[in-house]
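Structural overview
Below, each chain spelled out in residue letters.
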Amino acid sequence: MIGRRFYLYLMYINAWVSAMGFIPQILYKNRFGGSISSIILATLTGMLLIVLFQRQMNKFPGQNISQIMKGIFPEWFRKLFLIFNLILMYCNGVYFLVSMTQLVKTYVIPNMSYVWIFIIFLALIVFSSMLQSDSILFMLEFVVMLPIPVYLFIIGKFLTDDLVISDSILEAMTYILHWPNYSSLAAATCIFTGYTPLLIFNKQIRPIPKKHLIIAGVFGFFVLFTCYLIPIGYLGLHGVGKEVFVWLTTTDSMRFENFLVDRTIFILLFFHIGISLMFVILCWHSSLQFLKMIKIKNGENIKWIAIFFFLVAASFAQYSIDETSILRFFTWFLNLRLASDITLMLILWRAAKNRCQAFVS
Amino acid sequence: MPSFCIVALVLFLMIVLLPGCAYKPIDKRAFITAIGIDESNTPGKELKIILKISLSKGDPKTTGGSFTLLTLDANSISTAISLLKSRTDKELVYGHIKAILIGENVAKKDIRPLLDFFMRNPSIHKASYLSVAKPTAYEVLQFNPPEEQVTGSFVSSLFTTTGSESPYIKEVTLFDAYRRVTEAGIDIAMPVIEANEKNLQVDKIALFNKKNIQMALTPEESQIFRLLTKGIHTGHIRLKTNDGTYDVDIANGKTKFKLKQGQEETLAVFRINLNGYISEKMEYQETLSEKILRELEMQAENKIQVDVKHLLQKIQKKELDPIGFGLRYRSRHLNPNKDELKWNDIYPQLEFQVAPECKIKGTEMID
C-alpha cells in the first residue's frame, strides 16, 4: 500500500492530458451552442461521479474490480465487463499515442517519417507498461510533478498579458442560455473521470479521504474552465474553432520576453509529450492488468500475444487515422466512455448493495 | 537472462536511432529572421517573397549583423518557398522569424491568404510582429542599421517593450491579426514601417477592415489611438496658453470605455486618465505658478477631448472598428447572433462621450 496522494496524480494526469489534447476542440464545436452550459453541468456530474465512486470503492478496501465483481455477478458478465474495460483503456491509449505521433511530426521533427516516431514511442511504452503497478505509480509521480512550474508560468502570463481580449471570453460566456448537448457533456465530464484506473490500483492505494475528493473536484473544475477559456482569450471565439492543436497555438502566441527562451512552446511540448506518453503507459498497463484478471489459460504467454495484438492494432490505427478524422474518433470514444462510466457506477452500486445484504444475513 | 535481452535490445535501438536521424546540422541551416511580401513586378506573378537570412557568427560583442536577401517572384508564398530551396545550399529555418513585413501594395489588395499561410505553418512563431512596409518590404529589409546586433532584431525590437517604447506604435502580432480577421466586431490596426534614405521610421498606424488597408493615421492620431487601446507611458503633447507654449510629457495614460444605452442612441463613454510632467517651456518666465498648472490641465483635457472625438468619428465614418466596439457590444448581450444585424445599424449612429482627466504632477527638476 502506498500514499493517498497517488489518487490525486491519477486525476491530475487524466485532466491535463485531456485538456491539452482534445477536450477543447470538441467543446469548441458547440461554442455558439450549449458548450458553456455543458461545462457547468459536467462539473456537477463529474463531482457527483467522483463522490459516488469513492463511496462505493471505500466499501471494498484493497480489492480490484475483478475481486469486487466475483460472486455477485455471473462469470460471463464479469469477463465481458473486464474485456470491455480492457478495450476501452487500450483505445484511450492508442488515441493519445497516434495524436502524439502527429504532434511530434508536425512540431518537433518534421523531416522524420511517422513510422520511425511511432516505433520509438512503442518501444518505450510496451516495455514500461509491463512494469509492476507500484513502479508505474512512482514513475507517474515523477512525470506529473515536473511540468507544474510551466503550467503556472502559462497561467501567470495569461493573467498579466494585455494582448488577451477579455471581451471574447465574455462573449463565450453569453451563450450560457443554450441547452447542453451530449457530446460536449461527455467531453467535459471526461476531465473528472480520472478515477477509473483505481479499478486496478485500488490494491496499491490506501482508502481515500473526503478532502482529496474535494481537491480533485475543484482542480477538475479549474482545469476545465481554463482549458476552455484561455485559448478564446488569445485566438478569439471564432478563430479558436479553426485550430487543430489549440493549446499549442495558444502557448506559441504568448511572448515571454524575459524568459529563458522566446518560444515557450518547446518547453511545453517537451513536458506535454512526456506526460502524454506516461498516460499511454498507464492506459496500456491497466489494459494488461484487466487481461490478467480475466485469467484465460496459461497466464504468462497470453501477455505477449496481447502485446502483439496491441502493436498490430496500434499500427493499424496509426496508419488509418489521419489528422482530420482523429477528432471524430475521439468524440465517439468519449460519448461511449460517459455511458460506460455510468454503467460502472451502477455495477459498483449493485455490488455494494449485495455485499451489505450478505453481511447482514 | 530475458531482462538482459530487453536491455540489450533497448540499447541497440537507442544506438541506431541516435545518429541524427533526419536532423540537419546547424552549419547546414540558414536562419531566416524576417520575411517580406511585396507585389511582383514580373507579369503573371502576383507576389515577391523576400527572406532575410542572418549570417551572424554568434558573437554578442560585435554589432552590425551581416545578412543576405533571397527574393523570388511567385503566385503564393508556398510556391516561392519550395522554389527557393533550389537556390540555396542550406536548409531554410523559419522558426526564428521575428518580423513579417507586408508591402503597402499587397496590403491594399488582400492580406487574408498571407495570414492563413503564416498561421498554418507550425514552425512560425505566432507572436512574431506584423507591419506594413512602405514603400516596399524589400527596401525596408535591405536597410542595414549599424547598431543592430542580430540581423532583423532592429525591426522586432521596435515593437517589444524591452526595447525602445514609442508612443506612436501599437504593435500587432501574427495571432492577434488573425484573430481580428476572424472575430466579429474588431478590426486590424497595423504599424507602418517607412524606409527613408538613412533610417527606418515607425510612427503611423494603418487601419484595416477584414480584408485590406483602408486608411492611415498621422503620427498624432496614432498616439491618440495607442492611448485609446494600449495606453501610453512615453507620450507627448504640446499646449498653448496665454502665458506661452508648453510641452508636456505624458508619463502614464490609460483609457477605459463603456457602451451605454441612452434614450435613443447608444453611447460610447471614454474615461481617459492622464498624468504628466512639464518638460519644456518655450518663453522665459520667473516661475510656474499653481494657477498656470491648473490651466494647462484644462487645456490638455480640452485638447484630448477634441482629438479623441475627431479620431473616433473619422474611424466611424469609414465603418472600421479597430477598438472593438462591436465585440464589446456582443460580449454584453446574450444571444449575440441576433444582435449582430442590429450592431451594423447602431455603429454608424454611435455617439462618443469623452471624459479625460488630466493631472500635471510636476515640473521636473526646475520650477
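Now for a look at the structure at hand.

Cut-offs used in this document
Residues numbered from 1 in each chain as written. Chains lettered and ligands numbered in written order. Predicted model: local features only at pLDDT ≥ 70, side-chain atom pairs only at ≥ 80, totals over all residues. Heavy atoms only, no water. Salt bridge = Lys/Arg side-chain N within 4 Å of Asp/Glu carboxyl O. Patch = residues over 30% accessible without salt bridge, like charges linked within 9 Å, V, L, I, M, F, W, Y side chains within 5 Å. Areas by Shrake-Rupley, 256 points an atom, 1.4 Å probe, with all protein chains shown as cover. Helix = DSSP H or I, 4+ residues; strand = E, 2+ residues; numbered from the N terminus. 1 Å grid on protein atoms, 1.4 Å probe; cavity = no way out; pocket = protein on both sides within 12 Å on 5 of 7 lines; lining within 4 Å. Points joined across faces, edges and corners; volume = space filled by probe spheres on them. Nonpolar A, V, L, I, M, F, W, Y, C, P; charged D, E, K, R; others polar. Pairing = 2+ DSSP bridges. Contact = heavy atoms within 4.5 Å. Buried area = accessible area lost by both parts, 1.4 Å probe. Polar contact = N/O pair within 3.5 Å; in protein donor to acceptor, adjacent residues only side chain to side chain. Lys, Arg positive; Asp, Glu negative; His and termini not counted. Charge placed at Lys NZ, Arg CZ, Asp CG, Glu CD. Buried < 20%, exposed > 50% of the residue type's maximum accessible area, 1.4 Å probe, protein only. Core = buried A, V, L, I, M, F, W, Y, C linked by side-chain atoms within 4.5 Å.

This part covers the pattern of salt bridges. With the rule as written, the count across this model stands at 23 salt bridges over all chains. Here the salt bridges do not stand alone but share partners, grouping Asp167(A), Arg328(B) and Arg332(B) into one network.

A surface patch of nonpolar side chains, amounting to about 540 Å² of accessible area, comprises Ile40(A), Leu41(A), Leu44(A), Ile176(A), Leu177(A) and Leu334(B). Examined against the element boundaries, Leu177(A) turns out to sit in the loop between helix H9 (166–173) and helix H10 (182–189).

All names here are of chain A. The tally for this structure, following the rule as stated, stands at nine cavities of 30 Å³ or more. Reported here for the largest cavity is a volume of approximately 120 Å³. What lines the largest cavity is a set of 14 residues, among which Asn85, Leu88, Thr196, Ser340 and Asp341 lie closest to the centre. Secondary structure elements with two or more residues in the lining of the largest cavity: helix H5 (75–108) and helix H16 (326–360). The element contributing the most residues to the lining of the largest cavity is H5, with six residues. Residues belonging to the lining of the largest cavity are distributed by class as follows: eight nonpolar, four polar and two charged. Within this model, the second largest cavity holds a volume of roughly 80 Å³. As for the second largest cavity, its lining consists of Trp16, Met20, Tyr151, Ile154, Ile155, Val223, Thr226, Cys227 and Trp247. Counting residues per element, the ones that place at least two in the lining of the second largest cavity are helix H1 (5–20), helix H8 (148–160) and helix H12 (210–235). Classifying every residue of the lining of the second largest cavity gives eight nonpolar, one polar and no charged.

Okay, the pairing of strand E13 (residues 266–281) of chain B next. Residues and elements named next belong to chain B. Note that strand E12 (residues 244–261) and E13 share 15 bridges and pair antiparallel. Among the inter-strand pairings, Lys254 is bridged to a residue of E13, identified as Asn273. Here E12 folds back onto E13 in antiparallel fashion, the turn holding four residues. In this sheet, strand E14 (residues 351–362) lies alongside E13 in parallel orientation, the contact comprising 11 bridges. From the neighbouring strand, Ala268 faces E14, where its bridge partner is Phe352.

Counting residues at the interface gives 45 residues for chain B, matched by 40 residues for chain A. With both chains or domains summed, chain B and chain A bury close to 3600 Å², and 59% of this area falls on carbon and sulfur atoms. Inspection of the chain B/chain A interface yields three salt bridges. Notably, a salt bridge pairs Arg328(B) with Asp167(A), separated by 2.7 Å at the nearest N-O pair. Across the contact surface, chain B and chain A share 13 residue pairs in polar contact (both at pLDDT 80 or more). For the side of chain B that touches chain A, the elements supplying multiple residues, two or more each, are helix H1 (2–17), helix H7 (174–182), helix H10 (325–331) and helix H11 (336–349) of chain B. Classifying every residue of the side of chain B that touches chain A by side-chain character gives 20 nonpolar, 14 polar and 11 charged.

For the rest of this paragraph, the subject is a positive patch on the surface. Residues and elements named next belong to chain B. Judged by side-chain charge, Lys254, Lys256, Lys258, Lys260 and Arg271 come together as a positively charged surface patch. The element contributing the most residues to the positive patch is E12, with four residues. Within the secondary structure, Lys256 sits in strand E12.

On to H7(B), then. Residues spaced three or four apart along an α-helix point in a common direction, a consequence of the helix completing one turn every 3.6 residues. Of all the nine residues making up H7(B), nine are buried; the element is thus mostly covered by neighbouring parts of the structure. Along H7(B), the positions that sit buried rather than exposed are Leu174(B), Phe175(B), Asp176(B), Ala177(B), Tyr178(B), Arg179(B), Arg180(B), Val181(B) and Thr182(B). Each element contacted by the buried residues of H7(B) is listed here: H12 and helix H13 (246–253) of chain A together with strand E5 (99–103), helix H4 (112–120), strand E6 (129–134) and strand E7 (172–173) of chain B.

What follows is about the nonpolar core. Core analysis: the largest hydrophobic core is formed by 181 residues, its most contacted members being Ile65(A), Trp284(A) and Phe118(B). Those residues in contact with Ile65(A) that lie beyond four places of it in its chain are Phe81(A), Leu82(A), Leu199(A), Phe290(A), Met293(A), Leu344(A) and Leu348(A).

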